[in-house]
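Analysis of the macromolecular model
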Amino acid sequence: MKKRLGTNRIYIENATIIDPYSHNQFASSILIEDGFIKKMGKQIETQPHMTHIDAKDYVVSPGFVDMHAHLRDPGEEQKEDIESGIKAALAGGFVAIACMPNTKPPIDRPALVKYILEQARKNDFTIICIAAMTKNLEGREISEMGLLAECGAKGFSDDGKCVHDARIMYEIMRYAKQFSFLLILHEEDSSFSENGLVHEGYWSNKLGLEPIPALSEELVIARDIMLAQKTGARIHITHVSSKQSVEMIREAKKQGVAITCDTTPHHVFFNHSCLQTFDTNFKVKPPIRGAKDQAALIEGLKDGTIDALATDHAPHLFQEKNTTFASAQFGAIGLETAFQAAYTKLCLKEGMDLGQLLALMTAGPSHILGLDTMAIKEGKKANLALIDTKIEKRVEKKFFSKSINCPFIGQTLASEVVCTINNGKLPYMRECDRY
Amino acid sequence: MLTGRSLLRSDDLSVEEIGLVLKNADLFMEVLERKVKKVPTLRGKTIANIFFEPSTRTRTSFELAAKRLSADVVNFAASTSSLKKGESIIDTIDTIISLKVNLLVIRHGHSGVLNFIAKHIKVPIINAGDGKNQHPTQALLDAYTIKKKFGTFSGLKVAIVGDFLNSRVARSNVELFSRVGMEVMIVAPPMLLPSDYTVLGVPVKTAIDQVIDHVDVVYMLRMQFERQKRKLYPSIEEYNRFLTLNSARLQKMKKGSVVLHPGPVNRGIEISEEVMDGAAAGNRILIPDQVTHGVAIRMALLYLILSQQEEA
């Protein structure tokens, strides 16, 4: 048996390339050697002993970028660690992921940034380390943002928590502005969300589940837009979930505020009617909201108000989810289903152009994070995702992630990641294509 | 028709099935009037009462219903807090199933817990109250009490008064009462309602005085101070002013109209002391009937679910 994974020469023949970085769509073959795209064109002279992929039925995209994942490392490696997180990412077509700092302990000190980046290097994978904005994510004192950045932190966030003290948030923004740092903001007013479990609406009432009103998110977004206006800070609102949030951000962009945002595939794919079964994999924060919110998110993605799709990959142990709705942890894994879910919903049901979806998963997040372009051209590092858009598959309880808390289990999703090329190597290929 | 089935929500039962349960309750009411209040119908069956939340009347009612049908009853009480993890709930349930019981009666403080348990086991379950979600047997016994009094449901005006937001009784009752043909309205201030109360699909009034003189049934909800994690309602005095059933309001009630309450009554909050004690109330207050009917309704359900069932 010939082993395909990890060969240093890969030939992708007859690819349909969609490259959101260069806004190009074209047919070409690609020769990859020693990590780089060596040659592109219709006819490339091939040599023996190279991995040959016939891509005539596939789309080739730059590898995906996830700007919001929880790798649970350090501290909760039973849920996920950097290595398993990378495997899950590669299986989903991702070649770069931003990891959030709410680990145990949180990434609020330089040594932890170094630890994360060292693990990334060992695994030959791009991790964008997001460090805490406040010490111990407590929202009280600003973290050593300068020192953390010098060690390689590429952005700051208290994700999982919200800075409630408006003055502290203002000072964080002023300080971030000094360095031109990116702030990734989890917006949640806990006076509205405490004890809450699900979106406030028909289903929270019908099922007697404690509600989290959309106001919880909207109030803080309104505040932070004002603060960003005053300070000129560069802010990114993550996992936007409500209609009014999208509208406020759209308006702020018009007024020139340096604001971007993302939403997740599960907020786009589902609305709160999914709660009927009390399946705790739908217990996420922010909650999956109503049909109007869902429609507004889709509209926001289409018109460019929402700049990126991010997974908010949040692994939890089986026993933390195999319980009552009130006792279960918030969060869902998403790296391995992100593209398929988004493609099924956005492209097939909502008529979004595949190129636009790919932009939301590549150039969109990449620009926000300030990464180098991953355009598909000669001389660039080879970071690609090959996608089969013609297949349909039921999502099974089988993941590269250590956790299985996936809300898409049981859903039939269109498309599949055929293989992922990461730094010129082929660390992931779907089962049916391995030989 | 109900053989081997679970009852998790009031809308698990069709109108026809509700009628069947009420008809059977009539038969068992007759048993309860006898000198020997026991029939051998469920001899050899075992029913487990599993209460993760404290309860006196519902648990006793189920226990008595089972015993009067000659079933064996095991009671299992545990505090929700000592069984925080789902694993332990499942372990508990598995243990009880291993004891070869035929039916589970479960109460738990978390909404939806029965849907979770039902995924793991095949034994029929009766919901004895889950969180703020549902309390279907309460809705059935309340409907039965109303039926006994008025002989019909159609056209009856029912006002459900008080803390809708935190009440599983209200969720089951509004659903079931509306479906059998009663005209339901809710009386509650905004902080005791879902923020968008159009989702309820019934009219909402804010004070008891707006309805007291023209409804047939005044259904007082327990003011669930224990479920109000944040104290959003101002005070008992405020409650008395707008929502309490006191003697003055009792006087204004329509001829033949009645008062129900799921119990236990917070005296001086939902219903004033004088109304609870006074002869003035006459036969309007049907709270004792509700308790008696509760046993008959639960006998009917246990009978319908278990009597034809094959041994597992």
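**A look at the overall build of chain B**
Secondary structure assignment for chain B yields 10 helices and nine strands. Against the globule reference of 20 Å for 312 residues, chain B gives a C-alpha radius of gyration of 19 Å, in line with a compact fold. Each of the three principal axes of chain B carries a C-alpha extent, and together these read 55 × 45 × 35 Å. Put simply, chain B has 312 residues, and 58% of those count as buried. Taking the contacts inside chain B whose residues are at least 6 apart along the sequence as the reference set, 75% of them involve residues at least 24 apart. Of the roughly 12,700 Å² of accessible surface on chain B, 53% is carried by carbon and sulfur atoms. Here chain B carries 41 positive and 32 negative side-chain charges, and the mean point of each set is 2 Å from the other.

**Some thoughts on the domain arrangement of chain B**
All names here are of chain B. Along its sequence, chain B is organised into domain 1 (10-134 + 293-306) and domain 2 (136-291). Placing the centre of domain 1 and that of domain 2 at their C-alpha centroids yields a distance of 25 Å. Of the residues lining the interface, 30 residues belong to domain 1; the matching set on domain 2 comes to 26 residues. Overall, the association of domain 1 and domain 2 removes approximately 2,500 Å² of surface from exposure, summing both partners, and the carbon and sulfur fraction of that is 59%. Here domain 1 is connected to domain 2 by two salt bridges.

**Brief notes about unusual backbone geometry**
In the segment running from D73(A) into P74(A), the intervening peptide bond is cis, with an omega of 10°. Following the sequence through the fold, P74(A) ends up in the loop between β6 (64-69) and α1 (82-91). A cis amide bond links G263(B) with the next residue in sequence, P264(B), at an omega value of -10°. The residue P264(B) is located in the loop between β9 (258-260) and α9 (273-277) in this model. Phi at R72(A) takes a positive value of approximately 60°, unusual for a residue other than glycine. What makes R72(A) buried here is its relative accessible area of 8%. The backbone of F278(A) sits at a positive phi, close to 55°, despite the residue not being glycine.

**Points about the interface of chain B and chain A**
Contacts between the two partners involve 26 residues from chain B and, on the opposite side, 22 residues from chain A. For the chain B and chain A pair, buried surface summed over both sides reaches about 2,000 Å², with 49% attributable to carbon and sulfur atoms. Here chain B is connected to chain A by two salt bridges. Counting across the chain B and chain A interface gives eight residue pairs in polar contact (both at pLDDT 80 or more). Its residues assigned to classes, the side of chain B that touches chain A shows seven nonpolar, nine polar and 10 charged.

**So, the domain arrangement of chain A**
Accessible area lost upon the coming together of the parts serves often as the stated size of an interface. Residue and element names in this part refer to chain A. The domains assigned to chain A are domain 1 (9-60 + 380-402 + 411-433) and domain 2 (63-369). Once you take the C-alpha centre of each, domain 1 and domain 2 turn out to be 28 Å apart. Taken together, the contact pairs 29 residues of domain 1 with 39 residues of domain 2. Buried surface at the junction of domain 1 and domain 2, summed over both partners, amounts to about 2,600 Å²; 66% is from carbon and sulfur atoms.

**Section: the environment of D73(A)**
All names here are of chain A. With respect to the helices and strands, D73 occurs in the loop between β6 and α1. Classification of D73 as buried rests on a relative accessible area of 5%. When residues no more than four places from it in sequence are discounted, the contact partners of D73 are E80, D81, I82, T103, Y115 and I116. Among the polar contacts made by the side chain of D73, one reaches the side chain of Y115 at a distance of 2.7 Å.

**With respect to the nonpolar core**
Counting residues in hydrophobic clusters, the biggest one holds 91 residues, and the most contacted among them are L140(B), I160(B), F177(B), I186(B), L245(B), I297(B) and L302(B). Two domains each provide a minimum of three residues to this core, namely domain 1 (10-134 + 293-306) and domain 2 (136-291) of chain B. The residues touching L140(B), leaving out its near neighbours within four places in the chain, are L7(B), L13(B), I18(B), V21(B), L22(B), L176(B), I297(B) and L301(B). Counting residues in hydrophobic clusters, the runner-up holds 76 residues, among them L112(A), L117(A), C129(A) and A414(A).

**Notes on the sheet that holds strand β7 (residues 204-205) of chain B**
Residues and elements named next belong to chain B. Overall, parallel pairing links the five strands, which are arranged β7-β6-β5-β8-β9 in an open sheet. The open sheet has two edge strands, β7 and β9, and neither has a second partner. Where strand β6 (residues 183-187) lies against β7, two bridges are found, and the strand directions are parallel. Within the sheet, the bridge partner assigned to I186 lies in β7 and is V204.

**Observations regarding the side chain of S10(B)**
Residue and element names in this part refer to chain B. Examined against the element boundaries, S10 turns out to sit in the segment before α1 (15-33). For S10, a relative accessible area of 1% translates into the label buried. Side chain to side chain, S10 and E175 meet in a polar contact 2.7 Å long. Excluding anything up to four places from it in sequence, S10 contacts Q134, P136, S172, E175, L176 and R179.

**A word on the environment of L426(A)**
By the element assignment, L426(A) lies in strand β18 (residues 425-429). When the C-alpha atoms of L426(A) and G63(A) are compared, they prove to be 12 Å apart, with 363 residues separating the residues in sequence.

**Overview of the sheet that holds strand β2 (residues 72-77) of chain B**
All names here are of chain B. As summarised here, the arrangement of the four strands in space is β2-β1-β3-β4, forming an open sheet in which the pairing is parallel. Single-partner strands in this sheet number two, and they are β2 and β4 (125-130). Averaged over all adjacent pairs, the angle separating strand axes in this sheet is 10°, with direction ignored. Pairing between strand β1 (residues 46-51) and strand β3 (residues 103-108): five bridges, direction parallel. Paired with F51 across the strands is R107, a residue of β3.

**Some details on the packing of helix α8 (residues 243-254) of chain A against helix α10 (residues 291-303) of chain A**
Residues and elements named next belong to chain A. As a packed pair, α8 and α10 sit with axes 8 Å apart at the nearest point and diverge in direction by 30°. Taken together, the axis directions place α8 and α10 in an arrangement best described as roughly parallel. Where α8 approaches α10, its residues K243, V246 and R250 are matched on the opposing element by K292, D293, A296, L297, E299, G300 and D303. Here the residues of the contact of α8 with α10 are counted per class, giving three nonpolar, one polar and six charged.

**A closer look at the pairing of strand β10 (residues 182-185) of chain A**
All names here are of chain A. The two faces of β10 match: L182 and I184 on one face and L183 and L185 on the other face are all buried. In this view, the connection linking strand β9 (residues 155-157) to its parallel neighbour β10 by way of helix α4 (residues 166-179) has right-handed handedness. Where β10 and strand β13 (residues 234-237) come together, four bridges link them in parallel fashion. Counted as the bridge partner of L182 is R234 from β13.

**Some words on the packing of aromatic side chains**
Evaluation of the coordinates by the stated rule reveals 15 aromatic pairs over all chains. When the ring of Y175(A) is compared with that of F179(A), the centres are 5.0 Å apart and the planes differ by 85°; the resulting orientation is edge-to-face. Taken as a pair, Y175(A) and F179(A) lie in helix α4 at a separation of four residues, close to a single helical turn. Pairing F177(B) with Y219(B) gives two aromatic rings, centres 6.3 Å apart and planes at 75°, and the pair type is edge-to-face. With F177(B) in helix α6 (residues 168-179) and Y219(B) in strand β8 (residues 217-220), this residue pair connects regions lying 42 residues apart in the sequence.

What counts, and where the lines are drawn
- The numbers attached to residues start from 1 for each chain and follow its sequence in the written order.
- The lettering of chains begins at A and the numbering of ligands begins at 1, in the order of writing.
- Given that this is a predicted model, residues contribute local features only at a pLDDT of at least 70 and side-chain atom pairs are listed and counted only at 80 or more, while totals for whole chains, interfaces and linings are drawn from all residues.
- As a rule here, side-chain values come from all non-hydrogen atoms in the structure, and water together with hydrogens is ignored.
- Each helix is a run of DSSP H or I of at least 4 residues and each strand a run of E of at least 2, with the numbering of both proceeding from the N terminus.
- In this description the radius of gyration comes from C-alpha coordinates, and the expected globular size is given by 2.2 Å times residues to the power 0.38.
- A 1.4 Å probe rolled over the protein chains alone gives each residue an accessible area, and that area as a share of the maximum for its type sets the label: buried under 20%, exposed over 50%, partly exposed in between.
- Contacts: residue pairs with any heavy atoms within 4.5 Å of one another.
- Note on areas: Shrake-Rupley with a 1.4 Å probe; residue coverage comes only from the protein chains shown.
- This count recognises Lys and Arg as positive and Asp and Glu as negative, with His and chain-terminal groups excluded.
- Charge placement uses NZ in Lys and CZ in Arg. For Asp and Glu, CG and CD serve respectively.
- All domain edges in this entry derive from an automatic or database-based domain assignment.
- The quantity reported as buried area is the accessible area (1.4 Å probe) lost by two parts once they are put together, taken as the sum for both.
- Take a side-chain nitrogen of Lys or Arg and a carboxyl oxygen of Asp or Glu: if they are within 4 Å of each other, that pair is a salt bridge.
- Polar contact is defined as a pair of N or O atoms within 3.5 Å, subject to the rule that within protein one atom must be able to donate a hydrogen and the other to accept it, and that residues adjacent in sequence are counted only when both atoms are side-chain atoms.
- Residue polarity is assigned by list, with Asp, Glu, Lys and Arg as charged and Ala, Val, Leu, Ile, Met, Phe, Trp, Tyr, Cys and Pro as nonpolar; anything else, Gly included, falls into the polar class.
- Grouping buried Ala, Val, Leu, Ile, Met, Phe, Trp, Tyr and Cys residues that are joined through side-chain atoms within 4.5 Å yields what is termed a nonpolar core.
- When DSSP finds at least two bridges between two strands, those strands are taken to pair.
- Every angle, taken between N-to-C directions, lies between 0 and 180 degrees, and every axis is a line fitted to C-alpha atoms, over only the stretch in contact when it is a helix.
- Should an angle fall under 35 degrees it is called roughly parallel, over 145 degrees roughly antiparallel, and 65 to 115 degrees roughly perpendicular, with every other angle called oblique.
- A crossover gets the label right-handed when its path from the first strand over the helix to the second runs clockwise, viewed with the strands pointing away from the viewer.
- Two rings from Phe, Tyr or Trp (for Trp, the six-membered ring) form a pair when their centres are within 6.5 Å of each other. A pair whose planes differ by under 30 degrees is stacked, one over 60 is edge-to-face, and the rest are tilted.

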